[in-house]
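Each chain, written out:
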Amino acid sequence: MLTLDKVALHGRLAPLSLRFECAQAVALIGPNGSGKSTLLSLLAGLLAPDEGAITLMGEPMASLDWPALARRRAMLTQKIPTGLGMAVSELLTLGVPERALREGVAAVVEALALSALLSRDSTRLSGGELQRVLIGRTLLQVWPDREGKVLLLDEPLAGLDLHHQQALLQLLKQLVGQGVLVLVSLHDLNTALHWAQRVVCLERGECAYAGPPQAVEASLIERVFQIKTGRVEAAGRHWFLPL
Ligand SMILES: Nc1ncnc2c1ncn2[C@@H]1O[C@H](COP(=O)(O)OP(=O)(O)OP(=O)(O)O)[C@@H](O)[C@H]1O
């Protein structure tokens, strides 16, 4: 439902062809500067490719205007807006369509434990608190009629404590179960491999791997991240440990 056909951005992403299905949890991994944010921005329609074509639900991305894009996908970027002194409740709902507000606010506030923050000045939040508010705003965009929507989250776990990381990953899995395609860039390799149904690993703007997490080999991780790893088994799962 979201396809890239030989998509390239000069100096940032080599020609890449990928296909993502609805209701899938996809993790993007790769070193700093490997192209994860670039790929997410292309998939969100925030960047236009120099070559190739992106298709969203059968429609060329290039043919969709901003309102049409906003109805189909939402993206959390790493570039954090300051909020300009707004209350959290205002920042959370800014630009969110009326129907999403009616149907989604209570659920999103509960899922991300935002109720105690709503009356706070958004410029005086901790990094993790602000991140949860911005994630909430992004989720609200896709809340009504979730099936077939695309959620693109660039390092959503950055700044979140372990409890909120786990709560968010569970919530995203629920959205996948409701038909949302969720693409998330992650730096925690084990979290990515345990959470995702599909992993895309980028290396210097090229796709080094796209496939199931179970088939990710230590040799790939060691080459791409230039580390030595050990592989241990615990709690019925495999874990890569940097050595
Ligand atoms: N606005 C920009 N203009 C030109 N080049 C850029 C721009 N933003 C990023 N780049 C370059 O594009 C490449 C890919 O960057 P990108 O931000 O996509 O990497 P990333 O995998 O998300 O990295 P990180 O893990 O550090 O967030 C890097 O070489 C980066 O320097």
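To keep things clear, this report deals only with the structure shown in the data block. By convention here, each chain's residues receive numbers from 1 onward along its written sequence. With pLDDT at 70 or above as the cut-off, local features in this predicted model cover only qualifying residues; side-chain atom pairs require 80 or more to be listed or tallied, and sums for whole chains, interfaces and linings still use all residues. Side-chain descriptors were evaluated using all non-hydrogen atoms of the structure, hydrogens and water having been removed beforehand.

### Things to note about the overall build of the protein
Step number 1: Each helix and strand in the protein was counted, giving eight helices and 12 strands.
Step number 2: Along the first, second and third principal axes, the C-alpha atoms of the protein reach 50 × 45 × 30 Å.
Step number 3: Burial analysis of the protein (243 residues in total) assigns 49% to the buried set.
Step number 4: Across the protein, the fraction of contacts at a sequence separation of at least 24, relative to all contacts at a separation of at least 6, is 65%.
Step number 5: Here the open area of atoms and residues is found with the Shrake-Rupley method and a 1.4 Å probe, where only the protein chains shown may cover a residue. As displayed, the protein has an accessible area near 11,600 Å², and 52% of this comes from carbon and sulfur atoms.
Step number 6: Charge-centre separation for the protein: the mean point of 23 positive side chains lies 0 Å from the mean point of 23 negative side chains. Helix and strand assignments follow DSSP, with helices taken as H or I runs no shorter than four residues and strands as E runs no shorter than two, numbered in order from the N terminus. Partly exposed residues are those whose accessible area sits between 20% and 50% of the maximum for their type, while under 20% is buried and over 50% is exposed, using a 1.4 Å probe and protein chains only. In this analysis, two residues are considered to be in contact whenever any of their non-hydrogen atoms come within 4.5 Å of each other. Asp and Glu are treated as the negative residues and Lys and Arg as the positive ones, with His and the ends of the chain left uncounted. We put the charge of a Lys on NZ, of an Arg on CZ, of an Asp on CG and of a Glu on CD.

### Thoughts on the nonpolar core
Step number 1: Definition used in this section: a nonpolar core is a set of buried Ala, Val, Leu, Ile, Met, Phe, Trp, Tyr and Cys residues joined via side-chain atoms within 4.5 Å. Counting 52 residues, the largest nonpolar core has Leu112, Val133, Leu139, Leu151, Leu172, Val182 and Trp195 as its most contacted members.
Step number 2: With seven residues, the single largest contributor to this core is helix H5 (residues 127-142).
Step number 3: The residues contacting Leu139, other than those within four sequence positions of it, are Val108, Leu112, Leu151, Leu171, Leu172 and Leu175.
Step number 4: With 29 residues, the next largest nonpolar core counts Met1, Leu64, Leu69 and Leu183 among its residues.

### Quick look at the site of the ligand
Step number 1: Residues are labelled near a given molecule or strand when at least one of their non-hydrogen atoms is within 4 Å of it. Around the ligand sit Arg12, Pro31, Asn32, Gly33, Ser34, Gly35, Lys36, Ser37, Thr38, Gln78, Glu155 and His187, and those are all the residues in its vicinity.
Step number 2: Between the ligand and Asn32 there is a distance of 3.0 Å, counted from an oxygen atom to a side-chain nitrogen or oxygen.
Step number 3: One of the backbone N or O atoms of Ser34 is found 3.2 Å from an oxygen atom in the ligand.
Step number 4: About the coverage of the ligand: the protein hides 56% of its 640 Å² of free accessible area.
Step number 5: The residue makeup of the shell around the ligand, split by class, is one nonpolar, eight polar and three charged. Contacts described as polar in this section are N or O atom pairs within 3.5 Å, which, within protein, must combine one atom able to donate a hydrogen with one able to accept it, while residues neighboring in sequence count only if both atoms come from side chains. Each residue gets one label: Ala, Val, Leu, Ile, Met, Phe, Trp, Tyr, Cys and Pro are nonpolar, Asp, Glu, Lys and Arg are charged, and the others, such as Gly, are polar.

### Here's the deal with a nonpolar patch on the surface
Step number 1: Like-charged residues within 9 Å of one another, or nonpolar side chains (Val, Leu, Ile, Met, Phe, Trp, Tyr) within 5 Å, are grouped into patches, provided each residue has over 30% relative accessible area and no salt bridge. What counts as a salt bridge is simple: a side-chain nitrogen of Lys or Arg found within 4 Å of a carboxyl oxygen of Asp or Glu. Taken together, Val232, Leu241 and Leu243 make up a surface patch of nonpolar side chains, about 290 Å² in accessible area.
Step number 2: Structurally, the position occupied by Leu243 is in the segment after strand E12 (237-242).

### Digging into the sheet that holds strand E1 (residues 2-9)
Step number 1: The antiparallel open sheet is built from four strands, whose spatial order is E2-E1-E4-E5. Bordering the open sheet on either side are strand E2 (13-20) and strand E5 (59-60), each of which pairs with just one other strand. Here a strand pair is declared whenever DSSP counts at least two bridges between the two strands.

### Some words on the environment of Val109
Step number 1: With respect to the helices, strands and loops of the structure, Val109 is situated in helix H4 (residues 98-111).
Step number 2: For Val109, a relative accessible area of 10% puts it in the buried group.
Step number 3: A C-alpha to C-alpha distance of 9.8 Å links Val109 and Leu140, two positions 31 residues apart in sequence.

### Quick word on H5
Step number 1: Given a helix with a known number of residues, its expected span is that number minus one, times 1.5 Å. Here H5 is 16 residues long and its end C-alpha atoms lie 24 Å apart, about the 22 Å a rise of 1.5 Å per residue gives.
Step number 2: Where burial is concerned, most of H5 is hidden: 12 out of the 16 residues are buried.
Step number 3: Inspection of H5 places Gly128, Leu130, Gln131, Arg132, Val133, Leu134, Ile135, Gly136, Thr138, Leu139, Leu140 and Val142 among the buried residues, and these make up the whole buried set.
Step number 4: Next to the buried residues of H5 lie strand E6 (73-76), helix H3 (88-93), H4, strand E7 (150-154) and helix H6 (162-177).

### Let's talk about the packing of aromatic side chains
Step number 1: For Phe, Tyr and Trp, where Trp contributes only its six-membered ring, two rings pair if their centres lie within 6.5 Å, and the inter-plane angle classes them as stacked under 30 degrees, edge-to-face over 60, or tilted in between. Summed over all chains, the structure comprises zero aromatic pairs.
Step number 2: Cation placement over rings: the criterion is NZ of Lys or CZ of Arg within 6 Å of the ring centroid and within 35° of the ring normal. Sitting over the face of the ring of Trp143, Arg146 holds its NZ or CZ atom 4.3 Å from the ring centroid.

### Let's talk about the state of the cysteines
Step number 1: Two cysteine sulfurs form what is called a disulfide whenever their separation falls within 2.5 Å. Counted by the stated rule, this structure contains zero disulfides.
Step number 2: The thiol of Cys201 is not disulfide-bonded; the next cysteine sulfur, from Cys207, is found 7.7 Å away.
Step number 3: On the basis of relative accessible area, Cys201 is assigned to the buried category, the value being 0%.

### Comments concerning H4
Step number 1: With 14 residues, H4 should reach 20 Å at 1.5 Å per residue; the first-to-last C-alpha distance of 20 Å fits that figure.
Step number 2: Among the residues of H4, those classed as buried are Ala100, Gly104, Val108 and Val109.
Step number 3: Buried residues along H4 sit against H3 and H5.

Any functional reading would require information beyond the geometric quantities listed.
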